[in-house]
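Next come the chains, spelled out residue by residue.
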Amino acid sequence: MDVITRFAPSPTGILHIGNARTGLFNWLYARANGGKFLLRIEDTDKARSTHEAIQAIHDGLSWLGIDHDDEIVMQSQRADRHRQVALQLLAEGKAYHCYCSPQELEEMKEAARARNEPAIYDGRWRDRSADEAPSDVLPVVRFKAPRDGETIIDDQVQGKVRIPNNSLDDMVMLRADGSPTYMLSVVVDDHDMGVNTIIRGDDHLINAARQSQLILALGWPLPRYAHIPLIHGPDGKKLSKRHGSQGVMEYAKMGYVPDAMNNYLARLGWSFGDEEIFTKEEAAQHFSFAGINKAPARLDFDKLNHVNQQHLMRMPAEKFVALYEVHRQTEGMPSLDEEQRHRLMFSHQAIAERISKITEVTHQASYMFTQSVDVENDELQGLINRDAFPAIANLADHMSSIIPFDEPNIMAEAKKVMTDHDLKLGKVGPTLRVLLTGQKTSPSIFQVIACLGADITASRLKLGLAKLSSLA
Ligand code: GLU
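Thresholds, definitions, all that
- What you see as residue numbers is a count from 1 along each chain, following the sequence as written.
- The predicted nature of this model means local features are confined to residues of pLDDT at least 70 and side-chain atom pairs, given and counted, to a pLDDT of 80 or more, with totals for whole chains, interfaces and linings taken over all residues.
- Each side-chain value is derived from all of the structure's non-hydrogen atoms; neither hydrogens nor water enter the calculation.
- Working definition: a ring pair exists when centres of Phe, Tyr or Trp rings (six-membered ring for Trp) sit within 6.5 Å. Plane angles under 30 degrees give stacked, over 60 give edge-to-face, the rest tilted.
- Relative accessibility decides the category of a residue: with a 1.4 Å probe and only protein chains considered, values under 20% of the type maximum give buried, values over 50% give exposed, and everything between is partly exposed.
- Helical segments are the DSSP runs of H or I of at least four residues, strand segments are the runs of E of at least two, and each set is numbered from the N terminus.
- What a helix is expected to span follows from its residue count: subtract one and scale by 1.5 Å.
- DSSP calls a pair of strands paired once it identifies at least 2 bridges connecting them.
- Here the axes come from fitting lines to C-alpha atoms, over the contacting stretch only for helices, and the angles between their N-to-C directions go from 0 to 180 degrees.
- Note on terminology: a nonpolar core comprises buried Ala, Val, Leu, Ile, Met, Phe, Trp, Tyr and Cys residues joined through side-chain atoms within 4.5 Å.
- The contact rule is simple, with two residues in contact once any of their heavy atoms fall within 4.5 Å.
- Salt bridge criterion: a side-chain nitrogen from Lys or Arg within 4 Å of a carboxyl oxygen from Asp or Glu.
- Note on convention: the crossing is left-handed when the near helix lies turned anticlockwise from the far helix by less than a right angle, right-handed when the turn is clockwise.
- Crossovers are described as right-handed under a simple rule: with the strands pointing away from the observer, the path leading from the first strand over the helix to the second runs clockwise.
- For cavity detection a 1 Å grid was placed over the protein atoms alone, and a set of points counts as a cavity when a 1.4 Å probe fits there but cannot get out; an open set counts as a pocket when protein lies on both sides within 12 Å along at least five of seven lines, with lining residues being those that have an atom within 4 Å of a point.
- Grid points are joined across faces, edges and corners, and a volume is the space filled by probe spheres set on the points.
- Under the grouping applied here, Gly and all other residues not named as nonpolar or charged are polar, the nonpolar ones being Ala, Val, Leu, Ile, Met, Phe, Trp, Tyr, Cys and Pro and the charged ones Asp, Glu, Lys and Arg.

(A) Highlighting the packing of aromatic side chains. Within this structure, the stated rule accounts for 10 aromatic pairs. Note on Tyr-251 and Tyr-256: the rings are 5.9 Å apart at their centroids and 45° apart in plane angle, and the pair reads as tilted. The buried category is assigned to Tyr-256, whose relative accessible area is 3%. Measuring from centroid to centroid gives 5.1 Å for Trp-270 and Phe-287, while their planes differ by 40°, and the two rings are tilted. Taken together, the positions of Trp-270 in the loop between helix H8 (258-267) and helix H9 (280-284) and Phe-287 in the loop between H9 and strand S12 (297-298) put the pair 17 residues apart, joining distant regions of the chain.

In structure tokens:
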């Protein structure tokens, strides 16, 4: 049997990271088994579905690189088919018209609550004859669900889950205006799309019981279910607005990169061996239900930052620079010129080691992007060793004679000059850093010099020395 999974988001808000993880798990399972991963937009809730939310689903998935097979299915366009299935069940006596008014339903639930019983529909129209139907009420169509026994979901993650049938009521399949409900649409669409594996949040576990009753009534094969624990916030509580940062694209804006996001989301609730850092393509080679944890996963920004840094370091320099360029563009910053791009490419490793998000490149690598650096800042003055000025002036003069201009040669030359001046490199490093970067911290000073090149290094050193000398 070829595996067919699907991601079925409702476009009623942002693409939540929990949803994205569900999408990713379905993608991973399909790819791991050489199957298909389908996308269905469940836009039946007309009042709450928006174009922006549909766009957010596309943007989020495309940013993460979660590509789907076949045409996207828009659930709202299949309402006629959903209605047809409900009418078929009516004809077969497996569904019935219910004429309860909203007020009557409310009273029924109130009374059940008062008796300390589950507030569910009591099935009062289940066996009534059509002659009793009031002429002024438009009926809904309800499914005639089994009342005795239990429904067992043989879940790939949760194991055998037993739900007593008397805790589930006869669900509405068609509303009074004839519109199909989620519960009906999802069953019909999954069947018609050939979906045989459903991976989704465990908040859908009870829905699985209701849906499988309907599937059996229709004589269709049951899909394989895998209900995955939800993501919790760092405080261990169910992820909610209170925790902030929920939309996938918010993570893009914060400076996380797609490979890292997929890696982190995959590891939230799934693991294989001790592997921590991998791409989704690598994960797809190992993905199975056995690796899914039963306990809820906790969002941990320190871990996410670490994973992001590892991906920033692992990726090719061109990609690192390209991602940074995208960030500059979104922030309305000018794009890098050839020279700046080249410097960043050269320093990829040195910079990536010092940051966890791509947004931090702007600050960490600012010395490569500016014409000159500010050495007069008060905060830097404590780092400056004025006794080293003659040696530094001498080093500046030696820059053009370092060939090839690489880190080992630069270091050897710097050592030589400092020894001639009776100075240890350690006594000069911070001053060189201030002169070349205008910062307190940076990659190794020889890396910085190699990145800037002989001419810029020499001129920054000389100019900086002149400025600092005039400060004294
Ligand atoms: N549209 C539902 C949701 O976004 C998912 C339905 C399903 O996976 O069966 O929660």
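Additional details are given in the paragraphs that follow.
(B) Expanded view of helix H4 (residues 102-114). Taking 1.5 Å of rise per residue, the 13 residues of H4 would be expected to cover 18 Å, and the 18 Å separating its terminal C-alpha atoms lies within 8% of that figure. A positive phi of about 65° marks Asn-116, the residue just after H4.

(C) Quick look at the sheet that holds strand S4 (residues 95-98). Spatially, the 3 strands line up as an open sheet ordered S4-S5-S8, and their pairing is antiparallel. Edge positions in the sheet fall to S4 and strand S8 (172-174), since each of these pairs with one other strand and no more. On average, each strand axis in the sheet is tilted by 45° relative to the strand beside it, whichever way the strands run. Across 4 bridges, the pairing between S4 and strand S5 (residues 140-143) is antiparallel. Note on S5: the bridge partner recorded for Ala-95 is Phe-143.

(D) The nonpolar core, seen in detail. Residues Leu-28, Trp-270, Phe-320, Leu-344 and Val-361 are the most contacted members of the largest nonpolar core, which totals 99 residues. Residue contributions to this core peak at 8 residues, all from helix H1 (residues 17-32). Setting aside residues no more than four positions away along its own chain, Phe-320 makes contact with Leu-312, Met-315, Leu-344, His-348, Ile-351, Ala-352, Ile-355, Ile-358 and Val-361.

(E) Representation of the side chain of Ser-356 within the structure. As for its position among the elements, Ser-356 is in the loop between helix H13 (348-352) and helix H14 (361-364). Take Ser-356: its relative accessible area is 16%, and that puts it in the buried class. Sequence-distant contacts of Ser-356, defined by excluding residues within four places in its chain, comprise Asn-305, Asn-308, Gln-309 and Leu-312.

(F) Spatial organisation of the pattern of salt bridges. In this structure the tally under the stated criterion is 33 salt bridges. Between Glu-132 and Arg-128 there is a salt bridge, with its nearest N and O atoms 2.9 Å apart. A cluster of three or more residues bridged by salt bridges with shared partners is formed by Arg-6, Arg-40, Glu-42, Arg-78, Arg-81, Asp-189, Asp-190 and Asp-192.

(G) Representation of the packing of helix H17 (residues 407-420) against helix H19 (residues 445-452) within the structure. As a packed pair, H17 and H19 sit with axes 9 Å apart at the nearest point and diverge in direction by 115°. For the element pair H17 and H19, the recorded crossing hand is right-handed. For the pair H17 and H19, the contacting residues are Glu-407, Ile-410, Met-411 and Ala-414 in the first and Phe-446, Gln-447, Ile-449 and Ala-450 in the second.

(H) The pairing of strand S9 (residues 197-201), seen in detail. Of all 5 residues in S9, 5 are buried, a share of seventy percent or more. Pairing geometry for S9 and strand S10 (residues 224-228), over 5 bridges, is parallel. The partner of Thr-197 across the bridge, within S10, is Arg-224. With helix H6 (residues 205-218) bridging S9 and the parallel S10, this β-α-β connection has right-handed handedness.

(I) Seen up close, the layout of surface pockets. Computed from the structure, the largest pocket encloses a volume of approximately 1,000 Å³. Around the largest pocket, the lining comprises 35 residues; the ones closest to its centre are Ser-10, His-16, Asn-19, Asp-203 and His-204. Of all the elements in the fold, those that place two or more residues in the lining of the largest pocket are strand S1 (4-7), H1, helix H5 (182-192) and S9. Residue contributions to the lining of the largest pocket peak at 5 residues, all from H1. Across the lining of the largest pocket, the residue classes break down as 13 nonpolar, 12 polar and 10 charged.

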